[in-house]
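An overview of the molecular structure
Letter by letter, the chains look like this.
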Amino acid sequence: MRAALDENAKRRLTDRAEISVAVEFLISRGFGAEDIPGQLVKFYYVDIDLLNSVLVEDQILSAPLPSSDRAWKRVA
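A few points on the structure. Computed from a predicted structure; not experimentally measured. (Residues numbered from 1 in each chain as written. Predicted model: local features only at pLDDT ≥ 70, side-chain atom pairs only at ≥ 80, totals over all residues. Heavy atoms only, no water.)

Re the overall build of the chain
Per the secondary structure count, the chain includes four helices and two strands. Counting every position in the chain, which comprises 76 residues, the buried fraction comes to 17%. Once local pairs closer than 6 in sequence are excluded, the contacts in the chain between residues at least 24 apart make up 62%. Split by element, the accessible area of the chain, about 6,400 Å² in all, is 55% carbon and sulfur. (Helix = DSSP H or I, 4+ residues; strand = E, 2+ residues; numbered from the N terminus. Buried < 20%, exposed > 50% of the residue type's maximum accessible area, 1.4 Å probe, protein only. Contact = heavy atoms within 4.5 Å. Areas by Shrake-Rupley, 256 points an atom, 1.4 Å probe, with all protein chains shown as cover.)

Below, the structure written as structure tokens:
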């Protein structure tokens, strides 16, 4: 006897590229970084460590660059 497929099963979100796409999608829809994990776990099994890594990376990449004056003062 064949087991019935569970149509309501959650998909796994464990690949860095897939998580990055999901994060970018939610950010483009106006969600904040603190809301993203809660939204994703409603619909997916998520690798939380990888999600946190992507969120930190995204915050670093989207942060404004320091001015050259501030950078030179830090070096001096």
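As for the environment of Ile36
Its location among the elements puts Ile36 in helix H2 (residues 36-43). Since its relative accessible area comes to 0%, Ile36 is described here as buried. Here the alpha-carbon distance between Ile36 and Asn52, two residues 16 residues apart in the chain, equals 10.0 Å. Residues contacting Ile36, with those up to four places away along its chain left out, are Val23, Leu26, Ile27, Phe31, Leu51 and Leu55.

Looking at helix H1 (residues 16-28)
For H1, with 13 residues, the first-to-last C-alpha span of 18 Å sits near the 18 Å given by 1.5 Å per residue. Ile19, Ser20, Ala22, Val23 and Leu26 are the residues of H1 that are buried. For H1, the angular spread of buried residues about the axis comes to 165°, placing them on one side. Opposite the buried face of H1, by more than 90 degrees, sit the exposed residues Val21, Glu24 and Ser28. (Expected span 1.5 Å × (residues − 1). Arc of directions from axis to C-beta.)

Some words on the packing of aromatic side chains
For any pair of aromatic rings, geometry is given as the distance between the ring centres together with the angle between the planes. Applying the stated criterion to the full structure yields zero aromatic pairs. The ring of Tyr45 carries Lys10 above its face, with NZ or CZ at 5.3 Å from the centroid. (Phe/Tyr/Trp six-rings, centres within 6.5 Å; stacked < 30°, edge-to-face > 60°. Lys NZ or Arg CZ within 6 Å of the ring centre and 35° of its normal.)

Some details on the packing of H1 against H2
Angle between the axes and distance between the axes: these two values describe a pair of packed helices. As a packed pair, H1 and H2 sit with axes 11 Å apart at the nearest point and diverge in direction by 120°. Two packed elements cross with a definite hand, and for H1 against H2 that hand is right-handed. On H2, the residues that touch Ala22, Val23, Leu26 and Ile27 of H1 are Ile36, Gln39 and Leu40. When its residues are assigned to classes, the contact of H1 with H2 shows six nonpolar, one polar and no charged. (Axes fitted to C-alpha atoms, helices over the stretch in contact; angles between N-to-C directions. Left-handed = near helix turned anticlockwise from the far one by under 90°. Nonpolar A, V, L, I, M, F, W, Y, C, P; charged D, E, K, R; others polar.)

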